[in-house]
Amino acid sequence: MTTATSVVEEVAAKAKRVQRRYAGEADRPLAGYLGAMGAYGAFVGALTALGRASGARLPRRFGAGDTVLLGTATFKAGRMLAKAAITSPLRAPFTKYEEPAGEDELNESVPGRSHAGHAVGELVSCPFCLDVWIGTGLAAGLVVAPRPTRLAATVLTAIGVADALHLLYDAGKKLASG
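Everything quoted here is computed from the prediction, not taken from an experiment.

A. Highlighting the packing of helix 3 (residues 64–83) against helix 7 (residues 146–177). The contact between helix 3 and helix 7 brings their axes to 8 Å, and the two run at 65°. Viewed along their axes, helix 3 and helix 7 adopt a mutual orientation that is roughly perpendicular. Crossing geometry of helix 3 relative to helix 7 is assigned as left-handed. Each of Asp66, Leu69, Leu70, Thr72, Ala73, Lys76, Ala77 and Met80 in helix 3 lies in contact with helix 7, whose residues at this interface are Arg150, Ala153, Thr154, Leu156, Thr157, Ile159, Gly160 and Asp163. The residue inventory of the contact of helix 3 with helix 7, partitioned by class, reads eight nonpolar, four polar and four charged.

Here is the structure:
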């Protein structure tokens, strides 16, 4: 038991030295990021297990149409989850409202609570970070359940196109009146 305890203490001390050397005076949540990477690995593992259990087979390749559809759907879902006012209750446990940020989007900060909470706050308020998870899920969905995944991706893409058209319309109105 003493050997196991000393190994754990040695690893913890080494992790603290790495943290100090990396972050300096800043409080970077490396342990939280490590946890998020582990959770992503578990997510990919679960999707792989689901695919194998369902008997799904990987396609030889994904076509350009599916790639554009998934890319656009991933963009819209990431933006909606990370920035939309309507999804703020999902982010509220990990973020703090700061101010509006344009068309139905919010700027939020990530309070420095625990390393895990900070890392989750960064993940859920960053569309770029969420895109990795969403894109992985949608790509797995194309393998395991292609029809419902294409439907969901098509809806998200249509919403994204509609958003772009609203913004273009508003910009056109401003140009015409200005």
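Next comes the rest of the account.
B. A look at the side chain of lysine 83. As for its position among the elements, lysine 83 is in helix 3. In this structure lysine 83 is buried but unpaired, with glutamate 105 as the nearest side chain of opposite charge at 6.2 Å. The contact partners of lysine 83, leaving out residues within four places of it in the chain, are Arg91, Asp104, Glu105, Leu106, Asn107, Ser125 and Pro127.

Definitions and cut-offs
- Numbering of residues starts from 1 in every chain and runs along the sequence as written.
- The predicted origin of the model limits local features to residues at a pLDDT of at least 70 and limits the giving and counting of side-chain atom pairs to 80 or more, whereas totals for whole chains, interfaces and linings rest on all residues.
- Computation of side-chain values: all heavy atoms of the structure, hydrogens and water removed.
- Note on geometry: axes are lines fitted to C-alpha atoms, helical ones only across the stretch in contact, with angles between N-to-C directions running from 0 to 180 degrees.
- Working definition: helices are DSSP H or I runs of at least four residues, strands are E runs of at least two. Numbering for both runs from the N terminus.
- Oblique is the label for every angle not falling under 35 degrees (roughly parallel), over 145 degrees (roughly antiparallel), or within 65 to 115 degrees (roughly perpendicular).
- In this scheme, a crossing is called left-handed if the near helix is turned counterclockwise away from the far one by less than a right angle; it is called right-handed if the turn is clockwise.
- Only heavy atoms matter for contacts: two residues are in contact if any of them lie within 4.5 Å across the pair.
- As a working rule, the residues Ala, Val, Leu, Ile, Met, Phe, Trp, Tyr, Cys and Pro are called nonpolar, Asp, Glu, Lys and Arg charged, and the rest polar, with Gly in that last group.
- Remark: exposure states derive from per-residue accessible area (1.4 Å probe, protein chains only) relative to the maximum for the residue type, with buried under 20%, exposed over 50%, and partly exposed in between.
- We count Lys and Arg on the positive side and Asp and Glu on the negative side, and we leave His and both chain ends out.
- Salt bridges are defined as contacts in which a side-chain nitrogen from Lys or Arg sits within 4 Å of a carboxyl oxygen from Asp or Glu.

That is the geometry; function is a separate question.
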